[in-house]
Amino acid sequence: MLDVRRMQVLRAVVSSGSVTGAAAVLGYTPSAVSQQIAALEKEARTELLERVGRGVRPTAAGLLLTGYADTISRQVAEAETALADLLAGRTGRLSVRYFATAGASLVAPAVARLRTEHPGVQIELKLIDPEDPLPDVREGRADLALVVGPTEREGVRSLHLLDDPYLAVLPEGHRLADASDLELSDLADEPWVGSEWPGPCLDAQLAACEAAGFRPRFVVESEDYVTAQGFVAAGLGVSLVPRLGLGVGVRPGVVVRELRSPQPSRSIYAAVRETAPPQPALRAFIAALRAAAGAA
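Residues numbered from 1 in each chain as written. Predicted model: local features only at pLDDT ≥ 70, side-chain atom pairs only at ≥ 80, totals over all residues. Heavy atoms only, no water.

A. Just unusual backbone geometry, in detail. For the peptide bond that leads from Gly149 to Pro150, omega is 20°, which places it in the cis range. Structurally, Pro150 can be placed in the loop between strand 5 (144-149) and strand 6 (156-171). Of the consecutive residues Ser261 and Pro262, the connecting peptide bond is found in the cis state with omega at -10°. A positive phi angle is found at Arg45, which is not glycine, with a value near 60°. Mapped onto the elements, Arg45 comes out in the loop between helix 3 (30-44) and strand 1 (49-52). The class of Arg45 is exposed, set by a relative accessible area of 75%. Position of Ser261 relative to the elements: it lies in the loop between strand 11 (254-260) and strand 12 (265-273). (Helix = DSSP H or I, 4+ residues; strand = E, 2+ residues; numbered from the N terminus. Buried < 20%, exposed > 50% of the residue type's maximum accessible area, 1.4 Å probe, protein only.)

B. Structural view of the pattern of salt bridges. As enumerated under the stated definition, the model contains 16 salt bridges in all. Residue Glu43 pairs with Arg6 through a salt bridge whose shortest N-O separation is 2.4 Å. Of this pair, Glu43 sits in helix 3 while Arg6 sits in helix 1 (residues 4-16), and the two are 37 residues apart along the sequence. Residue Arg153 pairs with Asp132 through a salt bridge whose shortest N-O separation is 2.6 Å. Taken together, the residues span a long stretch of sequence, with Arg153 in the loop between strand 5 and strand 6 and Asp132 in the loop between strand 4 (120-127) and helix 6 (134-138) at a distance of 21 residues. The network of salt bridges with common partners includes Arg97, Glu124, Asp136, Arg138, Glu139 and Arg141. (Salt bridge = Lys/Arg side-chain N within 4 Å of Asp/Glu carboxyl O.)

C. Examining the side chain of Ser267 more closely. Within the secondary structure, Ser267 sits in strand 12. Only 2.6 Å separates the side chain of Ser267 from the side chain of Asp163, close enough to count as a polar contact. (Polar contact = N/O pair within 3.5 Å; in protein donor to acceptor, adjacent residues only side chain to side chain.)

D. Molecular detail of the packing of aromatic side chains. As enumerated under the stated definition, the model contains two aromatic pairs in all. Measuring from ring centre to ring centre gives 6.0 Å for Trp192 and Phe218, while their planes differ by 80°; the resulting arrangement is edge-to-face. Placement of Trp192 in strand 8 (residues 191-194) and of Phe218 in strand 9 (residues 217-221) is noted, with a sequence separation of 26 residues between them. Members of the aromatic cluster, connected to one another through ring pairs, are Trp192, Phe214 and Phe218. (Phe/Tyr/Trp six-rings, centres within 6.5 Å; stacked < 30°, edge-to-face > 60°.)

E. The arrangement of the nonpolar core in detail. The biggest cluster of nonpolar side chains holds 50 residues, and the ones touching the most others in it are Leu106, Leu144, Leu146, Leu161, Leu187 and Phe285. Considering each element in turn, this core owes the most residues, nine residues, to helix 9 (residues 280-295). For Leu187, the contacting residues outside a window of four places in its chain are Ala168, Leu170, Leu176, Leu182, Trp192, Phe214, Val238, Leu240 and Leu259. (Core = buried A, V, L, I, M, F, W, Y, C linked by side-chain atoms within 4.5 Å. Contact = heavy atoms within 4.5 Å.)

F. Spotlight on the pairing of strand 10 (residues 239-242). A two-sided burial pattern is seen for strand 10, the buried positions comprising Ser239 and Val241 on one face and Leu240 and Pro242 on the other. Direction of pairing for strand 6 relative to strand 10: antiparallel, over a ladder of four bridges. Along strand 10, the bridge assignment pairs Tyr166 with Pro242. (Pairing = 2+ DSSP bridges.)

G. Broad picture of helix 8 (residues 225-233). Inspection of helix 8 places Tyr225, Ala228, Gln229, Gly230 and Val232 among the buried residues, and these make up the whole buried set. Structurally, helix 8 contributes buried residues whose contacts are with helix 5 (100-117), strand 6, strand 8, strand 10, strand 11 and strand 12. The opening residue of helix 8 is Asp224, an N-cap whose side-chain oxygen sits 3.2 Å from the backbone nitrogen of Val226. Where helix 8 terminates, the next one or two residues include Gly235, which has phi positive at roughly 85°.

H. Spatial organisation of the environment of Ala212. With respect to the helices and strands, Ala212 occurs in the loop between helix 7 (200-211) and strand 9. For Ala212, a relative accessible area of 24% translates into the label partly exposed. Separated by 49 residues in sequence, Ala212 and Ser261 have C-alpha atoms that sit 7.2 Å apart. If near-sequence neighbours (up to four positions away) are discounted, Ala212 is found in contact with Leu184, Ser185, Ser261 and Pro262.

Right, here's the structure in full:
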């Protein structure tokens, strides 16, 4: 196999026209340069230089290897530049998993900010409702996932972004519609329209209701915030929708009221792999998510 470093010595000899000139450029002794060329000729099984007066010139084989040495030198320089850009966060590729209501309020502004500050970073986005994205994070198929948590999975670290409180959604004309805010227990005897898939979001609702002394009586299961508002507008019951879930707008025919004593809330986290190597692009995206969470 040809030694790449010796090929670069050959390149220096050909460029300077002499062994002495190459030695001065490389900081070697002329004897050391001659030894490197001799070893490369042994690897190539042919002569690479011929004497011309006081200098040397490449043979056809020497000229061929010098051309490849030029290419290798350029590629190494490009690799060094690309590596520097990656380590500085100017380039890179991120794979992100997110759920629907976090998309518009958190992911979209974070991606927009990252593209402005780090235009060379590519982001792959995948909606995961109602899938569990944590295996992808733990096994390295995703760099980050937005989840409701915190998560307690081996190999996954949770970074808190924000708490997203639930609001009461009532039909227009409901007996409680004129109240500025409500206690959660005010809804104890109402029929309820479900708005969540089974999981941590629904668990947050049920835990708050239990703390208020009741268990909600669900008459409709919608598992979708827009659909839940439709059922509420039709007078089928009341519902709870997180503040981010109302980001698409409030449907006609319903009113939204703050809740207290207690106020149900879900906590949104960014989940990353514990053993992931440092990624400047990932740090920049997490910073952008936190900025978006502060604005939300």
